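# Structural features, examined
So you can see what is in the structure, the chains are spelled out below.
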Amino acid sequence: MDSCIFCRIVSGEAPAQVVYEDDELFAFEDRHPAAPVHILIIPRRHIVNLAEATPDDAALLGRMAVLAGEIARRQGIAESGFRLVTNSGRHGGQSVFHLHWHLLGGRHLGWPPG
Ligand code: 5GP
Ligand code: ZN
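These notes cover the structure that comes with them. Remember, predicted model here, so these are calculated numbers, not experimental data. (Residues numbered from 1 in each chain as written. Chains lettered and ligands numbered in written order. Predicted model: local features only at pLDDT ≥ 70, side-chain atom pairs only at ≥ 80, totals over all residues. Heavy atoms only, no water.)

## Some remarks on the nonpolar core
To keep things clear, this is the line we draw: Within this scheme, the nonpolar core is defined by two criteria: the residues are buried Ala, Val, Leu, Ile, Met, Phe, Trp, Tyr or Cys, and they are joined through side-chain atoms within 4.5 Å. Here the term buried applies to any residue with accessible area under 20% of the maximum for its type, exposed to any over 50%, and partly exposed to those in between, with areas from a 1.4 Å probe on protein chains only. Helix and strand labels come from DSSP, where a helix needs a run of H or I of at least four residues and a strand needs a run of E of at least two; each type is numbered from the N terminus. Two residues qualify as a contact provided that any one of their heavy atoms is within 4.5 Å of a heavy atom in the partner residue.
Counting 18 residues, the largest nonpolar core has Ile39, Ile41, Met64 and Ile71 as its most contacted members. Those elements that place two or more of their residues in this core are β2 (25-29), β3 (37-43), α2 (58-75) and β5 (101-105). Examining the composition of this core, we find that seven residues originate from one element, α2, more than from any other. If sequence neighbours within four positions are ignored, Ile41 has contacts with Phe26, Ala27, Met64, Leu67, Ala68, Ile71, Leu99, His100, Trp101 and Leu103. If you look at the next biggest cluster of nonpolar residues, it comprises 11 residues, including Ile9, Ala14, Phe26 and Val96.

Take a look at the structure:
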């Protein structure tokens, strides 16, 4: 997907502050952080959102969750707490249509979200 900004970040065509990468997953700092720690965790492969994920993606999604915990520990927010959230579709507030999980922490996060 040439037009997808996250595919361009994964391929190195667009810059990002990368915090993790392997053959399947990629993580980088959000350009407009909503918290002291705000990292986006994405699959390298272009999946639109969770509504489009299939049972074949189950292992990949599991790896994304485990990686979120690992990054939280490395960022020093595991003990204080954090939030992992994905926005899917219009009502979910999704603005980039390449599946991503927001890892947020470093401050108290309100609930419910707006
Ligand atoms: P969404 O609204 O789809 O849940 O989240 C998209 C997120 O991607 C937003 O938090 C936005 O700040 C971030 N974002 C959009 N474009 C870029 C970019 O080019 N680089 C980085 N690092 N983050 C981006
Ligand atoms: Zn993409």
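## Topic: the site of ligand 1
Note the following rule: The cutoff for a nearby residue is simple: one of its non-hydrogen atoms must lie within 4 Å of the molecule or strand. Definition of a polar contact: a pair of N or O atoms within 3.5 Å, with one able to donate and the other able to accept a hydrogen when the atoms are protein atoms, and with sequence-neighbouring residues admitted only if both atoms are side-chain atoms. Every definition here rests on a 1 Å grid over the protein atoms only: cavities are sets of points where a 1.4 Å probe fits but cannot get out, pockets are open sets enclosed by protein on both sides within 12 Å along at least five of seven lines, and lining residues have some atom within 4 Å of a point. A molecule is said to be in a cavity or pocket once over half of its atoms fall within 2 Å of that pocket's grid points.
Taken together, 16 residues sit near ligand 1, with Asp30, Asn87, Ser95, Val96 and His102 positioned nearest. Note that an oxygen atom of ligand 1 is positioned 3.2 Å from one of the backbone N or O atoms of Gly93. At a separation of 2.9 Å, an oxygen atom of ligand 1 approaches a polar side-chain atom of His102. When atom positions are compared with the pocket grids, ligand 1 is found to occupy the largest pocket. Elements with a contribution of two residues or more to the shell around ligand 1: α1 (5-11) and β2. Per-element accounting of the shell around ligand 1 gives the leading share, three residues, to α1.

## Focus on the coordination of the zinc ion (ligand 2)
Defined as follows: Any N, O or S atom lying within 2.8 Å of the metal counts as a donor, and for Na, K and Ca the limit rises to 3.2 Å; water is left out, so some sites can look incomplete. Irregular is the label for any site that misses the other tests, which are tetrahedral for four donors with all angles between 85 and 135 degrees, and square planar for four donors or octahedral for six when opposite donors exceed 155 degrees and the remaining angles lie between 65 and 115.
Within the protein, the zinc ion (ligand 2) binds to Cys4 (SG), Cys7 (SG), His46 (ND1) and His98 (ND1); these donor distances fall in the range 2.1 to 2.3 Å. Coordination at the zinc ion (ligand 2) is tetrahedral: its four donor atoms span angles of 105 to 118° at the metal. Considered as a linear motif, the donors of the zinc ion (ligand 2) on their single chain read C-x2-C-x38-H-x51-H. Here His46 lies in the loop between β3 and α2 and Cys4 lies in the segment before α1, a separation of 42 residues in the sequence. Of the residues examined, Cys4 reaches a relative accessible area of 7% and is grouped as buried.

## Focus: the environment of Gly69
With respect to the helices and strands, the residue Gly69 is situated in helix α2. C-alpha of Gly69 to C-alpha of Arg31: the two residues are 38 residues apart in sequence and 21 Å apart in space.

## Comments concerning the layout of surface pockets
The test is simple: Grid points are joined across faces, edges and corners, and a volume is the space filled by probe spheres set on the points. Residue type decides the class: Asp, Glu, Lys and Arg count as charged, Ala, Val, Leu, Ile, Met, Phe, Trp, Tyr, Cys and Pro as nonpolar, and the leftover types, Gly among them, as polar.
When its volume is computed, the largest pocket comes out at roughly 430 Å³. Lining the largest pocket are 19 residues, and of these Phe6, Asp30, Arg31, Leu40 and Val96 sit closest to its centre. For the lining of the largest pocket, the secondary-structure elements that each account for two or more residues are α1 and β2. For the lining of the largest pocket, the element with the most residues is α1, which contributes three residues. Broken down by class, the residue content of the lining of the largest pocket amounts to nine nonpolar, seven polar and three charged.

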